[in-house]
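Chains, contacts and geometry: an overview
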Amino acid sequence: MSGLYKGIGSPMMGLTFINAIVFGVQGNAMRMLGADTPLHQFLAGAAAGLIQTVICCPMELAKTRMQMQGTGEKSASRKLYRNSLDCLVRIYRKEGVRGINRGMVTTIIRETPGFGIYFLAYDTLTRALGCDADDGYIIPKLLLAGGMSGMASWISTYPVDVIKSRLQADGVGGANRYDGIVDCVRQSLRREGWRVFTRGLTSTLLRAFPVNATTFATVTLFLMYMREEEDDGVKDCESLQTNLQPSSL
């Protein structure tokens, strides 16, 4: 069973900080931009996605290396890394800052538009579904909007994620195969065809729906609760938008 949880230490260490950065930057960016428009929702989300790559890239590198450990030329009995932190320390000692930031360019290309679509989709869906605080179905609506937003984000950027993962896993158990992003794309297309860019998409979407449904619903309900504590007169989502921040959150 432990094999199903290889690399779990890295996400557990990083996701708390990533979500704090993402929602904090997005909320402050919306306040700076002023008007709550679809374009501003996208830009605020994109800014949040860009900034959190500082943590996201090393975290995913450690996760990928831990999951790949025991494959290729390395036997399962000769584990190179004890845990995710040890993995990053060893990579840093061997390759320096550049090593622990391997895949940073592809991470930025994925996360910047991905989080823009993420927040834009959530804003659009919560408005379309109707998100009144006194609605008896508000939690299912928030869960649906959050889950669908996560899926939309992943579908839009998944091909970039495939390249990022291959670059971060490159060299595990043998010599490096790729010279860079373009070379990785070229070799992947030549050997496996265009379907390579959708490999693993189904499992990613199955994960994305519950994870993002829970994340968005929890954040939104928490903000609504905190606002009601400050002002018991605030009862609907439009009032929350006006008084809390210019956003559907």
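Residues numbered from 1 in each chain as written. Predicted model: local features only at pLDDT ≥ 70, side-chain atom pairs only at ≥ 80, totals over all residues. Heavy atoms only, no water.

1. Quick look at the confidence of the model for the protein chain
Put simply, the protein chain has an average pLDDT of 85, and 87% of its residues get 70 or more. This model gives residues 239–246 a pLDDT under 50, and the stretch forms 24 contacts once residues within four places in sequence are excluded. (pLDDT = per-residue confidence, 0-100. Contact = heavy atoms within 4.5 Å.)

2. Focus: the nonpolar core
Ranked by internal contacts, the top residues of the largest apolar core, which has 17 residues, are Val22, Phe119, Leu142 and Phe216. Broken down by secondary-structure element, the contributors of at least two residues to this core are helix H1 (9–33), helix H2 (38–68), helix H4 (104–129), helix H5 (138–169) and helix H7 (201–230). It is H4 that contributes the most residues to this core, 4 residues altogether. Within the second largest apolar cluster, 8 residues are counted, among which are Ala62, Met66, Cys87 and Leu88. (Core = buried A, V, L, I, M, F, W, Y, C linked by side-chain atoms within 4.5 Å. Buried < 20%, exposed > 50% of the residue type's maximum accessible area, 1.4 Å probe, protein only. Helix = DSSP H or I, 4+ residues; strand = E, 2+ residues; numbered from the N terminus.)

3. Focus on the state of the cysteines
The final tally for this structure, using the stated rule, is 0 disulfides. Not part of a disulfide, Cys56 finds its nearest cysteine sulfur in Cys57, a span of 7.1 Å. You can call Cys56 buried: its relative accessible area is 2%. (Disulfide = S-S within 2.5 Å.)

4. Points about the pattern of salt bridges
Tallied over the entire structure, the rule returns 12 salt bridges. Three or more residues joined by partner-sharing salt bridges are found here, namely Glu60, Arg110, Glu111, Asp161 and Lys164. (Salt bridge = Lys/Arg side-chain N within 4 Å of Asp/Glu carboxyl O.)

5. Quick look at the packing of H2 against H5
It is the contact of H2 with H5, at a shortest axis distance of 9 Å, that shows an interaxial angle of 65 degrees. Judged by the inter-axis angle, H2 sits roughly perpendicular to H5. In the packing of H2 onto H5, the handedness of the crossing is right-handed. For the pair H2 and H5, the contacting residues are Cys57, Glu60, Leu61, Thr64, Arg65 and Met68 in the first and Asp161, Lys164, Ser165, Gln168 and Ala169 in the second. Within the contact of H2 with H5, the residues separate by chemical class into 4 nonpolar, 3 polar and 4 charged. (Axes fitted to C-alpha atoms, helices over the stretch in contact; angles between N-to-C directions. Parallel < 35°, antiparallel > 145°, perpendicular 65-115°, else oblique. Left-handed = near helix turned anticlockwise from the far one by under 90°. Nonpolar A, V, L, I, M, F, W, Y, C, P; charged D, E, K, R; others polar.)

6. Digging into the side chain of Gln26
Within the element layout of this structure, Gln26 appears in helix H1. Among the residues examined, Gln26 registers a relative accessible area of 0% and is labelled buried.

7. Observations regarding the environment of Arg195
Tracing the backbone through its elements, the reader meets Arg195 in the loop between helix H6 (181–192) and H7. Since its relative accessible area comes to 59%, Arg195 is described here as exposed. The spatial distance from the C-alpha of Arg195 to the C-alpha of Pro159 is 9.6 Å, given a sequence separation of 36 residues.

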